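Chain and residue survey
Each chain, letter by letter, is given below.
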Amino acid sequence: MLQRLKADHRRLVDRQGPAGSLRKLFAAAAIAVLTAGLLPMQQADAKAADGTTIIGDDVGDVLATDIKAYVQGKPIRSMNIDGYTAVVAEDLRQYGFDVVWTPADRKVTIYNRPAKTLEAPPIEQEAALPVGMKLSDVLYTDIRTYYGDQEIPSYNLNGRTAIRLNDLDRMGVVEWDERAKTISFTPAKSESPGYPPMENAPLVLREVNSIELKDIVIGNDTVVYQGQTIGKIVDGSPMISLAFMGEALGYDRTSPGSHSGCGQVTLCLYNGIFGMMAHAPNVTAYPEHPLDIQLYGSGGQRGRFPVKAVPADADSDVLVSERDLQQLFGYNSQWNPDTKKLDILYVDYKVDDYGLPADYRNYYYAPNAVGYMTGTVSQFPELRILDRRSIDRTSRASSIGLIGEAGAYDYGGRKGLSKYQFQTELRFDIGSYGYDLDLKVGQRILFSSELEFNLTPETADPVIDYPDPTGFGEISRISFDQPAQGYTETEAAEVVFSGTASKRVGSGLTVLVERQVYGGGYELDKKFEVPFEGDRFSFTVDTLDDYRYLTKVTVRSQVSYPRGTYEMDVARFYLKKPGPQP
């Protein structure tokens with residue numbers, strides 16, 4: 001079991017990590033290629049010792065190419081795989097497509113969206129590399145890739161997904177210009193078959209099926225299900241076999257001793273997305289302490305959950321409090337005191353990942369998800385965010401709200417579902433940030449990923465991108481004509497700021513000017529009010545003469561909410577004198 005978890009970690013961990021990791025690989029070879037993703041083609045070149053190909057085996061090479069690729073008439077980063085021009089599947093999100101990763105099915109699906117706005121990034125001109133120069137390995141994977149409902153070959157590039165443009169000829173027009181050394185793909189004008197509705201959220205959670213364990217008999221001394229004793233009563237509380245509950249709910253369990261770390265004394269359970277490990281001897285060794293269950297998501301270990309446990313008859317099993325099992329597996333239970341029977345309802349979900357940000361450049365981000373569920377359970381899924389810098393390692397739960405009428409939605413072939421919105425918020429300043437993002441029911445992980453952001457004065461967008469409407473009140477909506485960037489390097493003695501307020505709260509804005517001091521901190525230099533003049537505003541700020549230090553300019557707006565008003569940052573800028581030229 002542990003080996004299987006490690007294999008999943010190896011094949012998925014790069015998907016959870018910084019999107020720039022592969023760009024760094026290609027940059028080292030003087031070429032920019034890729035964004036985040038993951039997926040690929042099943043080839044049979046590399047073999048394990050027993051002759052089988054395993055996940056992570058090297059099955060090919062990524063080579064430099066002088067062929068230019070285009071999608072929807074826009075240039076796109078490309079590479080050579082097996083003599084064909086390939087692109088990164090997830091890059092297509094900026095070219096009028098949705099690219100969806102479904103971990104539970106180990107599948108990526110590309111959907112053509114003709115109405116989607118093209119946001120193709122500029123392609124940097126890189127120094128020419130020798131054609132055929134090896135840039136990376138192609139790795140074996142079991143993930144399948146589809147364009148609409150048609151499966152196409154794909155390749156795993158150290159955790160990134162590539163597809164060949166030639167394989168898209170059935171879904172549109174692929175044109176090759178030998179003289180110009182260009183290849184282009186123009187998709188059909190119609191949407192891909194089976195296309196799901198577009199959501200204003202990167203994650204879509206959907207209820208898919210359920211498992212019921214009915215009429216579990218809670219006796220005076222034992223717990224019995226369908227004639228099988230599955231636990232016992234300890235201090236008046238039902239304690240149930242962890243192994244039984246896992247297998248009954250569809251989790252795989254390894255045979256004793258079949259894998260290192262699992263079997264003889266350690267119980268491992270795994271459902272393809274969520275896994276757990278329980279070291280049974282700890283129950284006897286530390287009877288006064290809770291047993292820590294190690295939890296695993298697709299990116300590896302995801303914390304631990306302490307449970308009340310007692311020894312079981314089997315060496316690799318433990319009996320766990322039924323109340324803790326509810327949290328551990330995220331199921332709902334109903335106790336009937338008259339019949340002394342317990343019913344358990346375990347609802348299963350799948351999550352579709354439309355693309356969490358790999359590179360974020362704003363001071364505000366609202367992680368969110370949409371859920372399609374029956375809404376009849378008492379234990380709902382949650383979107384949780386853990387700041388890796390937090391000392392207590394406590395994650396933040398999202399808010400959840402019903403959208404529209406209950407039971408009014410059809411999704412994924414199921415009718416009568418309710419639609420819910422999950423949302424939380426993250427606020428940044430200049431610096432590096434890392435978060436663990438999980439969709440969970442109780443302790444059961446439905447989806448896990450990582451968010452890593454690095455904001456610098458040079459890269460951060462100046463205007464803070466709050467949602468509209470916000471959850472905290474009414475705030476001014478502003479944009480700037482000048483400066484055009486959040487970072488300005490100038491010889492001028494002062495910098496002019498001007499812009500438009502499309503929405504105004506209060507009579508104007510407040511500006512704070514701070515000067516950087518030795519050691520990196522900032523001291524307040526001045527604070528002043530800037531009145532609105534119709535829908536316009538303007539002000540000037542003096543620059544520092546010392547090129548070693550920054551001037552920080554913070555613009556604040558009044559926030560109005562039912563109980564009063566307060567101020568909040570709406571924009572941040574940085575000014576600097578240019579340093580001496582070498």
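Not measured: the values here are computed from a predicted model.

In terms of helices and strands, the chain carries five helices and 46 strands. Taken over 582 residues, the chain has a buried fraction of 50%. A fraction of 64% describes how many contacts in the chain between residues 6 or more apart in sequence connect residues 24 or more apart. Of the roughly 27100 Å² of accessible surface on the chain, a fraction of 46% belongs to carbon and sulfur atoms.

Taken as a whole, this structure holds 27 aromatic pairs when the rule is applied. Here the aromatic rings of Phe 97 and Tyr 147 are separated by 6.2 Å at their centres, their planes lie at 70°, and the arrangement is edge-to-face. Taken together, the residues Phe 97 in strand β6 (residues 97–102) and Tyr 147 in strand β9 (residues 144–147) connect sequence positions 50 residues apart. No difference in accessibility class separates Phe 97 from Tyr 147, as the two residues are buried. Here Phe 97 and Phe 185 contribute two aromatic rings whose centre-to-centre distance is 6.4 Å and whose plane-to-plane angle is 25°, an arrangement assigned as stacked. Taken as a pair, Phe 97 in strand β6 and Phe 185 in strand β14 (residues 182–187) lie far apart in primary sequence, 88 residues in all.

With that settled, the discussion passes to the side chain of Thr 266. Checked against the element boundaries, Thr 266 lands in strand β20 (residues 266–270). Within the structure, Thr 266 has its side chain in polar contact with the side chain of His 279 (distance 2.9 Å).

Membership of the largest hydrophobic core comes to 59 residues, with the highest contact counts inside it found for Phe 428, Leu 439, Ile 478, Phe 480, Phe 497, Phe 537 and Phe 539. Sorting elements by how many residues they give to this core places strand β46 (residues 564–576) first, with six residues. Residue contacts for Phe 480: discarding those within four places in its chain leaves Val 463, Phe 497, Ser 498, Gly 499, Phe 537, Phe 539, Val 555, Ala 571 and Phe 573. Of all hydrophobic cores here, the second largest spans 37 residues; its members include Tyr 225, Val 283, Leu 291 and Tyr 331.

Strand order in the open sheet formed by four strands is β31-β30-β36-β37, with antiparallel pairing between adjacent strands. Strand pairing shows two members of the sheet lacking a second neighbour, β31 (396–397) and β37 (444–455), which therefore form its edges. Strand direction decides the pairing type here: strand β30 (residues 382–387) and strand β36 (residues 431–441), joined by six bridges, are antiparallel. Opposite Arg 384, over in β36, you have Asp 438 as the bridge partner.

Okay, the confidence of the model for the chain next. Overall, the prediction assigns the chain a mean pLDDT of 86, with 87% of residues at 70 or greater. Confidence over residues 1–49 falls short of pLDDT 50; this stretch has 160 contacts with residues more than four positions distant or in other chains. Overall, residues 255–259 carries pLDDT values under 50, and its contacts beyond four positions in sequence, including any with other chains, amount to nine contacts.

Most of β37 is tucked away: nine of the twelve residues are buried. With eleven bridges joining them, β36 and β37 adopt antiparallel strand pairing. Bridging from a neighbouring strand, Gly 431 pairs with Leu 455 of β37. Connecting the antiparallel pair β36 and β37 is a turn made up of two residues, with Gly 442 showing a positive phi of about 60°.

With an omega of 5°, the peptide bond between Asp 468 and Pro 469 qualifies as cis. Mapped onto the elements of the fold, Pro 469 is located in the loop between β37 and β38 (474–475). Even without being glycine, Lys 181 reaches a positive phi, approximately 55°. Inspection of the secondary structure puts Lys 181 in the loop between β13 (172–177) and β14. The backbone phi angle of Asp 215 is positive, close to 60°, even though this residue is not glycine. Judged by relative accessible area, which is 40%, Asp 215 ranks as partly exposed.

What counts, and where the lines are drawn
- Residues numbered from 1 in each chain as written.
- Predicted model: local features only at pLDDT ≥ 70, side-chain atom pairs only at ≥ 80, totals over all residues.
- Heavy atoms only, no water.
- Helix = DSSP H or I, 4+ residues; strand = E, 2+ residues; numbered from the N terminus.
- Buried < 20%, exposed > 50% of the residue type's maximum accessible area, 1.4 Å probe, protein only.
- Contact = heavy atoms within 4.5 Å.
- Areas by Shrake-Rupley, 256 points an atom, 1.4 Å probe, with all protein chains shown as cover.
- Phe/Tyr/Trp six-rings, centres within 6.5 Å; stacked < 30°, edge-to-face > 60°.
- Polar contact = N/O pair within 3.5 Å; in protein donor to acceptor, adjacent residues only side chain to side chain.
- Core = buried A, V, L, I, M, F, W, Y, C linked by side-chain atoms within 4.5 Å.
- Pairing = 2+ DSSP bridges.
- pLDDT = per-residue confidence, 0-100.

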